[in-house]
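Chains, contacts and geometry: an overview
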Amino acid sequence: MQTVSRVYDTYSQAQAAVTAIEAAGVAAAEVSLVANKYVSEKYAEVDDVSKAGMGAGIGGALGGGAGLLAGLGLLAIPGLGPVVAAGWLASLAVGAAAGAAAGGLVGALVSAGTSDDHAHVYSESVRRGGTLVSARVDEKDAARVQAILDSYEPIDPVVRGAEYRKTGWTTFDPAAPAYKPSETEIERMRRREAA
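Residues numbered from 1 in each chain as written. Predicted model: local features only at pLDDT ≥ 70, side-chain atom pairs only at ≥ 80, totals over all residues. Heavy atoms only, no water.

Attention now goes to the packing of aromatic side chains. Under the defined criterion, the tally for this structure stands at one aromatic pair. The interplanar angle of 70° and the centroid separation of 5.4 Å between the aromatic rings of Tyr 164 and Trp 169 together place this pair among those described as edge-to-face. Like Tyr 164, the residue Trp 169 is buried in the burial classification. Here the basic side chain of Arg 128 rests over the ring of Tyr 164, its NZ or CZ set 4.0 Å away from the ring centre. The ring of Trp 88 carries the charged tip of Arg 136 above its face, separated from the ring centre by 4.2 Å. (Phe/Tyr/Trp six-rings, centres within 6.5 Å; stacked < 30°, edge-to-face > 60°. Buried < 20%, exposed > 50% of the residue type's maximum accessible area, 1.4 Å probe, protein only. Lys NZ or Arg CZ within 6 Å of the ring centre and 35° of its normal.)

Turning our attention to the pairing of strand β4 (residues 81–86). The buried count for β4 comes to five of six residues, which makes it a mostly enclosed element. Of the pairings in the sheet, the one linking strand β2 (residues 31–36) to β4 comprises four bridges and is antiparallel in character. Looking at β4, one finds that Asn 36 is bridged to Val 83. Of the pairings in the sheet, the one linking strand β3 (residues 73–77) to β4 comprises five bridges and is antiparallel in character. In the strand pairing of β4, Leu 74 is matched with Val 84. What sits between the antiparallel neighbours β3 and β4 is a turn of three residues, in which Gly 79 has the positive phi angle 90°. (Helix = DSSP H or I, 4+ residues; strand = E, 2+ residues; numbered from the N terminus. Pairing = 2+ DSSP bridges.)

What follows is about the pattern of salt bridges. Applying the stated criterion across every chain, the model contains nine salt bridges. Across the pair Arg 160 and Asp 9 runs a salt bridge, and its minimum N-O distance is 3.0 Å. Of this pair, Arg 160 sits in helix α7 (residues 157–166) while Asp 9 sits in the loop between β1 (2–8) and α1 (11–23), and the two are 151 residues apart along the sequence. For Arg 127, the salt bridge identified is with Glu 124, shortest N-O distance 3.0 Å. Separated by three residues within a single helix, Arg 127 and Glu 124 lie in helix α5 (residues 116–127), roughly one turn from each other. Overlapping salt bridges bring together Asp 9, Arg 160 and Glu 163 as one network. (Salt bridge = Lys/Arg side-chain N within 4 Å of Asp/Glu carboxyl O.)

The next thing to look at is the sheet that holds β3. Read across the open sheet, the five strands follow the order β1-β5-β2-β4-β3; overall the sheet is antiparallel. At either margin of the open sheet sits one strand with a lone partner, and together these are β1 and β3. Each strand axis lies, on average, 25° off the axis of its neighbour in the sheet, ignoring direction. The pairing of β1 with strand β5 (residues 131–137) spans seven bridges and is antiparallel. For Gln 2, the partnering residue across the bridge sits in β5 and is Val 137. Contacts from helix α6 (residues 142–150) reach β1 and β5, with the element oriented near 5° to β1. (Axes fitted to C-alpha atoms, helices over the stretch in contact; angles between N-to-C directions. Contact = heavy atoms within 4.5 Å.)

Spelled out as structure tokens, the structure:
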């Protein structure tokens, strides 16, 4: 198995990418999504996951009808705080805090085969409002799934990492204060792309 991961600037891009790879035959159990909590108006002000009903299904509120998207819930991932998430990678990221050296989303991504640099950029991107989609696929299907995910215009982690570094960022810091996006950024995260 190979893990293919991409981060999208809007939830709707990620939602469309998940729908497309599931339609192409990737089982929902092999797909994961981790998004900044601000993609959901309902959970934007939640700081304590236990008060929001940890893992409560919010897929319907975010347009998830079936498959992975129907099972979205609110989880606490170390370094990110409350996130809208579903799938094996989210479970690994929550559990990684208990024993892995890197822990959290970075540790989960690295253990799934993502390069350390990309794992840090992807985690920081989620912290800043992006949505991560990861899929575990057979080696023979990896290029096809990558092409599908790439058709929904993910970020380029090399370019995004360089942009972050221009502002003094070096790596994802799980101890950094929670990121509070501006209203404009929240609107971008929630934007529905024209079909």
